[in-house]
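Fold and contact review
Each chain, written out:
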Amino acid sequence: MSLTSDPPIDPPAGPSIGPPAAPQAGPASPAGSGGDLAGLTVVPLRHPWRWVAVAATAVLLAQFLNGLITNPGWEWDVFARFFTAPTILKAVWVTLQLTFYGTALGFALGIVLAFMRLSASPFLRSVAHGYIWAFRSIPLIVQLLFWFNLAYLYKELRFGIPFGPGFIAFDTMNLVGAMSAAVLGLALHQAAYAAEIVRGGVLAVGSGQSEAAAALGIPRFRQLRRIVLPQAMRSILPNAANEIISLFKGTSIVSVMAIGELFYQVQVVYGRSGRVVPLLMVATVWYILLTTALSVLQYYVERHYAKGAVR
């Protein structure tokens, strides 16, 4: 018997003289044996309602396609006759011209307005904000009709000394025709939205990029051209492409000015022939084809500017 409070010392480990102890019986652990896992049955997760939704959608789509093909009301022979008619092709060209000029002028002015809003000058910021507020508030059709009737307000435009004599004068009636008024209205309307798109893209680039470039002595314009804008384009392009596609379809509104774009020309043709549905399908298919072409172009432009950011 120990007279101290120290715990008993275990005997040193050594070779066992007696027979080995028999393993204790107990439940087998599934994680401890590969054979036990191989015997398990894997039951996949079932999604019955997903298959119900797929079947219902497939049936509705098949019914729609069947009606599209077999319903005589679509008059596909009339559609085929007018789809590539010279008047329709000319109208498509006018639509493309309106889209191109409206986009080019609109985004050029929009870039200027965006940097005016980012300027340190309160006056420039206020002017840009007022422009964007006004042109986003006024409906496009009102703007188009206003520019179309500009000669009613101003008989001629003079360029010279402000509030003084003019040196060069232009007759407004001959200067702003229907096509010019349409391009002007579309471009000024587009500029208000383009300015916010560009401003949002520039703000998405961290300020540290410009600060680091300034610390290296890179000029301000080169910072913008080589550092800020290439990174901002990744944010600008998706929204800009949406605006261009919306403008492309929105050119149909200039039909109120009797400009021979696609929708106006389709209206003229079905007004004479009475074939409303097939002529509307002519315009629809042309809009789908050209919108698809713009979407493909958008994909490749986005992929170009995503170099180094997407792997």
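Keep in mind that what you see is a predicted model, and the values were worked out from it rather than measured.

Looking at the overall build of the protein chain
Across its full length, the protein chain carries 13 helices and 2 strands. Look at the contacts in the protein chain between residues 6 or more apart in sequence, and 69% of them connect residues 24 or more apart. Of the roughly 21200 Å² of accessible surface on the protein chain, 67% is carried by carbon and sulfur atoms.

Looking at the side chain of His189
Among the structural elements, His189 can be located in helix H9 (residues 178-203). Setting aside its immediate chain neighbours within four residues, His189 contacts Phe135, Ile138, Leu140 and Gln143.

Regarding the packing of helix H10 (residues 207-215) against helix H11 (residues 220-250)
Running from amino to carboxyl end, H10 crosses H11 at an angle of 160°, the nearest separation of the two axes being 10 Å. One element, H10, and the other, H11, form an angle in the roughly antiparallel class. H10 and H11 meet at a crossing whose hand is right-handed. Along its contact with H10, which presents Gln209, Ser210, Ala213 and Ala214, the element H11 presents Gln223, Ile227, Val228 and Gln231. Classifying every residue of the contact of H10 with H11 by side-chain character gives 4 nonpolar, 4 polar and no charged.

Let's talk about the pattern of salt bridges
Considering all chains together, one arrives at 3 salt bridges under this definition. We note a salt bridge from Glu75 to Arg275, for which the minimum N-O separation is 3.1 Å. Residue Glu75 is located in the loop between helix H2 (48-70) and helix H3 (76-83), and its partner Arg275 is located in the loop between helix H12 (262-273) and helix H13 (276-305); the two are separated by 200 residues in the primary sequence. Residue class for Glu75 comes out partly exposed when judged on its relative accessible area of 21%. One salt bridge connects Arg117 with Glu196, and the closest N-O pair in it is separated by 3.1 Å. Taken together, the residues Arg117 in helix H4 (residues 86-117) and Glu196 in helix H9 connect sequence positions 79 residues apart. Taking relative accessible area as the criterion, Arg117 reaches 22% and is therefore assigned partly exposed. Connected through salt bridges with shared partners, the residues Arg117, Glu196 and Arg199 form a single ionic network.

Some thoughts on the packing of aromatic side chains
Scanning the entire structure with this criterion turns up 9 aromatic pairs. Ring plane angle 10° and centroid distance 4.8 Å describe the contact between Phe83 and Trp286, whose orientation is recorded as stacked. Remark: Trp286 occurs in helix H13 and Phe83 occurs in helix H3; sequence separation between them is 203 residues. Assigned by exposure class, Phe83 and Trp286 land together as buried. Pairing Tyr299 with Tyr300 gives two aromatic rings, centres 5.2 Å apart and planes at 75°, and the pair type is edge-to-face. When its relative accessible area of 47% is taken as the criterion, Tyr299 is described as partly exposed. Note on Tyr300: relative accessible area 46%, which makes it partly exposed. Taken together, the aromatic side chains of Trp74, Trp76, Phe79, Phe83 and Trp286 make up a single cluster linked through ring pairs.

Looking at H3
Note that an α-helix has 3.6 residues per turn; residues three or four places apart therefore point the same way. For H3, every residue scored as buried is listed here: Val78, Phe79, Phe82 and Phe83. Taken around the axis of H3, the buried residues stretch over an arc of 125°, which confines them to a single face. Of the residues in H3, the exposed ones pointing more than 90 degrees away from the buried face are Asp77, Ala80 and Arg81. Along its buried surface, H3 packs onto H4, H12 and H13.

What about a nonpolar patch on the surface?
On the surface, Ile138, Ile141, Val142, Leu145 and Val256 cluster together into a nonpolar patch covering about 360 Å² of accessible area. Among the structural elements, Leu145 can be located in helix H6 (residues 140-148). Judged by relative accessible area, which is 35%, Leu145 ranks as partly exposed.

Observations regarding H12
For H12, which comprises 12 residues, the first-to-last C-alpha distance of 16 Å matches the rise-based estimate of 16 Å (1.5 Å per residue) to within 8%. Buried within H12 are the following residues: Leu262, Gln265, Val266 and Val269. Axial view of H12: buried residues confined to an arc of 100°, hence all on one face. On its buried face, H12 sits against H3, H4 and H13.

Here's the deal with the side chain of Ser119
Residue placement: Ser119 occurs in the loop between H4 and helix H5 (122-137). Only 3.0 Å separates the side chain of Ser119 from the backbone nitrogen of Ser121, close enough to count as a polar contact.

Scoring rules and cut-offs
- Residues numbered from 1 in each chain as written.
- Predicted model: local features only at pLDDT ≥ 70, side-chain atom pairs only at ≥ 80, totals over all residues.
- Heavy atoms only, no water.
- Helix = DSSP H or I, 4+ residues; strand = E, 2+ residues; numbered from the N terminus.
- Contact = heavy atoms within 4.5 Å.
- Areas by Shrake-Rupley, 256 points an atom, 1.4 Å probe, with all protein chains shown as cover.
- Axes fitted to C-alpha atoms, helices over the stretch in contact; angles between N-to-C directions.
- Parallel < 35°, antiparallel > 145°, perpendicular 65-115°, else oblique.
- Left-handed = near helix turned anticlockwise from the far one by under 90°.
- Nonpolar A, V, L, I, M, F, W, Y, C, P; charged D, E, K, R; others polar.
- Salt bridge = Lys/Arg side-chain N within 4 Å of Asp/Glu carboxyl O.
- Buried < 20%, exposed > 50% of the residue type's maximum accessible area, 1.4 Å probe, protein only.
- Phe/Tyr/Trp six-rings, centres within 6.5 Å; stacked < 30°, edge-to-face > 60°.
- Arc of directions from axis to C-beta.
- Patch = residues over 30% accessible without salt bridge, like charges linked within 9 Å, V, L, I, M, F, W, Y side chains within 5 Å.
- Expected span 1.5 Å × (residues − 1).
- Polar contact = N/O pair within 3.5 Å; in protein donor to acceptor, adjacent residues only side chain to side chain.

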